[in-house]
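Coordinate analysis (summary)
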Amino acid sequence: MRYFESIRKEYTILLRSIPSMVIAAFVLSVVLMNLLAGRELYRSDYFCLNCGLALSWVSFLCMDCICKRFGARAAARVSFFAMAVNVFCAILFWLLMQTPGRWAGYYAANDPAVGEMIHAGIDATFAGAWYIVVGSSVALMASSVVNAFANQWIGERSDNGKYSGFALRSLVSTCLAQFVDNFVFSAMVSHVFFGWTWTQVLICSITSMIIELAFEAVFSPLGYRVSKSWEKDNVGESYIDYLSEAHAGANA
């Protein structure tokens, strides 16, 4: 019980310490990624990109900012929180899609049969598939841990306090974590349920990682300015003090 109470206390302090807009952007990007993952952005004989790709860089940029200021442990914990919210939303969407009401698109159709098709299609989109939720959750957990601890490990050895140091730790950790995220999801979902070959899984993982890394490179200056402003304004001092006290208590 003491362990769970310490987790609850840490989450309470952490979520109060990180600016609410960052938490909101993080959680919203994860929920929307899961919702958009079922729609193709591009498909060929070798690989397929889904629309969730357009938002995945947001969560990783948020993680980089959090890791820079609060550490890898905090970044991983916020990722798990976002994953829990995503699972809750997926269950809520599924339950609401079981109700007898119809979408507005049904009434806008000229033919009732067409309206039923529109209604069923939107229902299926929001209800989602259990394997997509499970696959995206496992992929997020694995990639979050890789991103957070790789970011911190690189930062401890090469972060000089300038943008170059932030960019190095951010881009390398994102490269590793995005590959893990794409590979785990493709292996668990696309390979098992959509019949992808391992060649397709590997190519998709690499190409998606390159695209997401490009987004990260474009927006990393923004992440650097955000993290530096947190340091300047002593944002999250209570959580940093809490970790220091907890570490001192563990070593006593």
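To be clear, the structure that these remarks concern was listed above.
These notes cover the structure that comes with them. (Residues numbered from 1 in each chain as written. Predicted model: local features only at pLDDT ≥ 70, side-chain atom pairs only at ≥ 80, totals over all residues. Heavy atoms only, no water.)

Before going further, it helps to spend a moment on the overall build of the protein chain. For the protein chain, the count of helices and strands is 10 helices and 2 strands. Mapped from its N terminus to its C terminus, the protein chain presents α and β elements in the order α-α-β-β-α-α-α-α-α-α-α-α. Principal-axis analysis of the C-alpha atoms places the extent of the protein chain at approximately 70 × 40 × 30 Å. Across the 252 residues that make up the protein chain, the buried fraction comes to 43%. Taking as baseline every contact in the protein chain between residues at least 6 positions apart, the subset at least 24 positions apart corresponds to 74%. Of the roughly 13,300 Å² of accessible surface on the protein chain, 68% is carried by carbon and sulfur atoms. (Helix = DSSP H or I, 4+ residues; strand = E, 2+ residues; numbered from the N terminus. Buried < 20%, exposed > 50% of the residue type's maximum accessible area, 1.4 Å probe, protein only. Contact = heavy atoms within 4.5 Å. Areas by Shrake-Rupley, 256 points an atom, 1.4 Å probe, with all protein chains shown as cover.)

Core analysis: the largest hydrophobic core is formed by 35 residues, its most contacted members being Ile-18, Phe-26, Ile-66, Phe-70, Val-78, Trp-230 and Tyr-239. Mapped onto this core, the elements with two or more residues apiece are α1 (2-17), α2 (20-36), α3 (53-70), α4 (72-96), α7 (130-158) and α10 (237-251). With 10 residues, the single largest contributor to this core is α3. Setting aside residues no more than four positions away along its own chain, Ile-18 makes contact with Ile-23, Ile-66, Phe-70, Val-78 and Trp-230. Among the nonpolar cores identified, the runner-up in size contains 7 residues, and Ala-129, Ala-139, Phe-185 and Val-189 belong to it. (Core = buried A, V, L, I, M, F, W, Y, C linked by side-chain atoms within 4.5 Å.)

With that settled, consider the packing of α4 against α7. Viewed as axis vectors pointing N to C, α4 and α7 meet at an angle of 170°, and their least axial separation amounts to 8 Å. Looking at the two axes, α4 sits roughly antiparallel to α7. Across the interface between the two elements, Ala-72, Ala-75, Ala-76, Ser-79, Phe-80, Met-83, Asn-86, Val-87 and Ala-90 from α4 touch Val-133, Ser-136, Ser-137, Leu-140, Met-141, Ser-144, Val-145, Ala-148, Phe-149 and Gln-152 from α7. Split into classes, the residues belonging to the contact of α4 with α7 amount to 13 nonpolar, 6 polar and no charged. (Axes fitted to C-alpha atoms, helices over the stretch in contact; angles between N-to-C directions. Parallel < 35°, antiparallel > 145°, perpendicular 65-115°, else oblique. Nonpolar A, V, L, I, M, F, W, Y, C, P; charged D, E, K, R; others polar.)

A few words now on unusual backbone geometry. Peptide bonds are trans in most cases, and residues, glycine excluded, mostly fall at negative phi. Even without a glycine there, the phi angle at Asn-234 is positive, about 60°. Topologically, Asn-234 is positioned in the loop between α9 (198-232) and α10. Accessibility expressed as a relative area gives 47% for Asn-234, which makes it partly exposed.

This part is about the packing of aromatic side chains. With the rule as written, the count across this model stands at 16 aromatic pairs. Where Trp-57 meets Phe-219, the ring centres are 4.2 Å apart and the plane angle is 10°; that geometry is what we call stacked. Within this pair, whereas Trp-57 is found in helix α3, its partner Phe-219 is found in helix α9, the two being separated by 162 residues in sequence. Owing to a relative accessible area of 30%, Phe-219 belongs among the partly exposed residues under this scheme. Through pairs of rings, three or more aromatic residues link up here, namely Phe-70, Trp-230, Tyr-239 and Tyr-242. (Phe/Tyr/Trp six-rings, centres within 6.5 Å; stacked < 30°, edge-to-face > 60°.)

With that settled, consider the side chain of Asp-123. Relative to the elements of secondary structure, Asp-123 occurs in helix α6 (residues 112-127). Despite its burial, Asp-123 remains without a salt bridge, the nearest opposite charge being carried by Arg-102 at 8.8 Å. Setting aside chain neighbours within four positions, we find Asp-123 in contact with Met-97 and Trp-103. (Lys, Arg positive; Asp, Glu negative; His and termini not counted. Salt bridge = Lys/Arg side-chain N within 4 Å of Asp/Glu carboxyl O.)

Moving on, we come to the packing of α3 against helix α8 (residues 163-193). Where α3 contacts α8, the two axes come as close as 10 Å, and the packing angle between them is 135°. Between α3 and α8, the interaxial angle falls into the category oblique. Crossing handedness for the pair α3 and α8: right-handed. Touching Ser-56, Trp-57, Phe-60, Asp-64, Cys-67 and Lys-68 of α3 are Phe-166, Arg-169, Ser-170, Ser-173, Thr-174, Ala-177, Gln-178 and Asp-181, all from α8. Here the residues of the contact of α3 with α8 sort into 5 nonpolar, 5 polar and 4 charged. (Left-handed = near helix turned anticlockwise from the far one by under 90°.)

Glancing now at a nonpolar patch on the surface. Together, Trp-130, Val-134, Val-138, Met-188, Val-192, Phe-193 and Phe-194 make up a nonpolar patch on the protein surface, roughly 660 Å² of accessible area in all. Elements represented by at least two residues in the nonpolar patch include exactly α7 and α8. Position of Val-192 relative to the elements: it lies in helix α8. On the basis of relative accessibility, which here comes to 54%, the residue Val-192 falls in the exposed class. (Patch = residues over 30% accessible without salt bridge, like charges linked within 9 Å, V, L, I, M, F, W, Y side chains within 5 Å.)

Okay, the state of the cysteines next. In a disulfide, the sulfur atoms of two cysteines are held together by a covalent bond. Scanning the entire structure with this criterion turns up 0 disulfides. Cys-62 carries a free sulfur, and the closest cysteine sulfur to it, the one in Cys-65, is 6.5 Å from it. Given a relative accessible area of 10%, Cys-62 falls into the buried group. (Disulfide = S-S within 2.5 Å.)

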